[in-house]
Amino acid sequence: MEAEVASALWQVEAAFVAHQARDVLESLTPRQGPVVLAEADPLALALGLGETIGAPDDVRALTPWLLRAVVSDDRVDLHSVLSRIATFWNGWTTSERAAVRDFVDTLWVALLDRHPGPVAVLPVATAASFLDDASGLGDGAGRLLGIWEYKDTASADHHLAELVIDAHYGARVDPEVLGWARARPQRDRLERAAARDRPEPWAGDLGAAIDLLAAPPN
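Remember, predicted model here, so these are calculated numbers, not experimental data. (Residues numbered from 1 in each chain as written. Predicted model: local features only at pLDDT ≥ 70, side-chain atom pairs only at ≥ 80, totals over all residues. Heavy atoms only, no water.)

Asks: For this particular structure, what's the right way to read the overall build of the protein?
Replies: Along its length, the protein carries twelve helices and two strands. Ordered by position from the N terminus, the helices and strands of the protein form the series α-β-β-α-α-α-α-α-α-α-α-α-α-α. Overall, the C-alpha framework of the protein stretches about 60 × 35 × 30 Å when taken along its three principal axes. In the protein, buried positions account for 45% of the 218 residues. Sequence-distant contacts, at least 24 apart, represent 69% of the contacts inside the protein between residues at least 6 apart. Accessible surface, the protein as shown: approximately 10700 Å² in total, 53% of it carbon and sulfur. Measuring between centres, the 19 positive side-chain charges of the protein sit 4 Å from its 33 negative side-chain charges. (Helix = DSSP H or I, 4+ residues; strand = E, 2+ residues; numbered from the N terminus. Buried < 20%, exposed > 50% of the residue type's maximum accessible area, 1.4 Å probe, protein only. Contact = heavy atoms within 4.5 Å. Areas by Shrake-Rupley, 256 points an atom, 1.4 Å probe, with all protein chains shown as cover. Lys, Arg positive; Asp, Glu negative; His and termini not counted. Charge placed at Lys NZ, Arg CZ, Asp CG, Glu CD.)

Right under this line is the structure:
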């Protein structure tokens, strides 16, 4: 596992250490018996924990378990886990909520720092899909866009170009994100990147994104 992701998971576990996970969870689904945590399907827990499996307090206790499943089980998507957490976290401590956000931010930085992907520990390979998944937390995109602005790297620029292209061809992109991507600072950024990376294999993506941003939006 990438060192930065492993460290973020450790921080999550430290933040939730006061909440011990139960070994056996009750099931509210007809004809299904108790769920043994050691044998539980991570996807089933991500979709039903706190409602059809266990109780709301189990979501809190199993948040480290759920976030670890995001990077260890390719069936467990980030959006489902974050939506599950956000449904129940209103009464959680500031440090617990911050640990979850820090984990998301760590995955985001790991994605922006690498292109092309995918990276084994990342649940998605594109910025557009990551931002869509992260929206499950209900925070809005502002914090992640701020990180993107700070990451003045070739890989982050390539991700930006890819998002512009993906949006043009129908990828689901939040209007806030799309407005940010089309703003003058991002257009200037892509133009600088195109001049810098002219010999690189991804130069065509940078040029295509610049052309799309220069055209009137549909």
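Continuing now.
Asks: Looking at this structure, I do not really get the pattern of salt bridges. What am I missing?
Replies: Two side chains bearing opposite charge may form a pair once their charged atoms approach each other closely. Throughout the structure, instances matching the rule amount to 19 salt bridges. Between Arg189 and Asp157 there is a salt bridge, with the nearest N and O atoms lying 2.4 Å from each other. Residue Arg189 is located in helix H11 (residues 184–196), and its partner Asp157 is located in helix H9 (residues 154–168); the two are separated by 32 residues in the primary sequence. Neither Arg189 nor Asp157 differs from the other in exposure class; each is buried. One network of salt bridges, with partners in common, ties together Arg101, Asp105, Asp139 and Arg143. (Salt bridge = Lys/Arg side-chain N within 4 Å of Asp/Glu carboxyl O.)

Asks: Which parts of the structure should I look at to understand the packing of helix H8 (residues 142–150) against helix H10 (residues 175–182)?
Replies: To describe two helices that pack against each other, one gives the angle between their axes and the distance between the axes. Taken N-terminus to C-terminus, the directions of H8 and H10 make an angle of 25°; their axes are 11 Å apart at the nearest point. Classified by the angle their axes make, H8 and H10 are roughly parallel. Handedness of the H8/H10 crossing: right-handed. Facing H8, whose interface residues are Gly142, Leu145, Trp148 and Glu149, H10 presents Glu176, Val177 and Trp180. Its residues assigned to classes, the contact of H8 with H10 comprises four nonpolar, one polar and two charged. (Axes fitted to C-alpha atoms, helices over the stretch in contact; angles between N-to-C directions. Parallel < 35°, antiparallel > 145°, perpendicular 65-115°, else oblique. Left-handed = near helix turned anticlockwise from the far one by under 90°. Nonpolar A, V, L, I, M, F, W, Y, C, P; charged D, E, K, R; others polar.)

Asks: Would you take a moment to explain the packing of aromatic side chains for this structure?
Replies: The relative placement of two aromatic rings is captured by the distance of their centres and the angle of their planes. For the structure shown, the criterion picks out five aromatic pairs. Here the aromatic rings of Phe16 and Trp92 are separated by 5.5 Å at their centres, their planes lie at 80°, and the arrangement is edge-to-face. Remark: Trp92 occurs in the loop between helix H5 (78–88) and helix H6 (94–112) and Phe16 occurs in the loop between helix H1 (3–15) and strand E1 (24–25); sequence separation between them is 76 residues. The burial state of Phe16 is the same as that of Trp92; both residues are buried. Between the aromatic rings of Trp148 and Trp180, the centroid separation amounts to 5.0 Å while the plane-to-plane angle is 35°, which identifies the pairing as tilted. (Phe/Tyr/Trp six-rings, centres within 6.5 Å; stacked < 30°, edge-to-face > 60°.)

Asks: I keep staring at the packing of helix H4 (residues 63–72) against H6 and nothing clicks. Help me out?
Replies: Two elements in contact, H4 and H6, have axes separated by 12 Å at closest approach and are oriented at 10°. Taken together, H4 and H6 sit at an angle that is classed as roughly parallel. Across the interface between the two elements, Thr63, Leu67 and Val71 of H4 pack against Val100, Phe103 and Leu107 of H6. Partitioning the contact of H4 with H6 into residue classes produces five nonpolar, one polar and no charged.

Asks: Even after reading the chapter, I still don't get the side chain of Arg60, so can you show me in this structure?
Replies: With respect to the helices and strands, the residue Arg60 is situated in helix H3 (residues 56–61). Note on Arg60: relative accessible area 16%, which makes it buried. Once residues within four sequence positions are removed from consideration, Arg60 is found in contact with Phe16, His19, Gly91, Trp92, Thr93 and Glu96.

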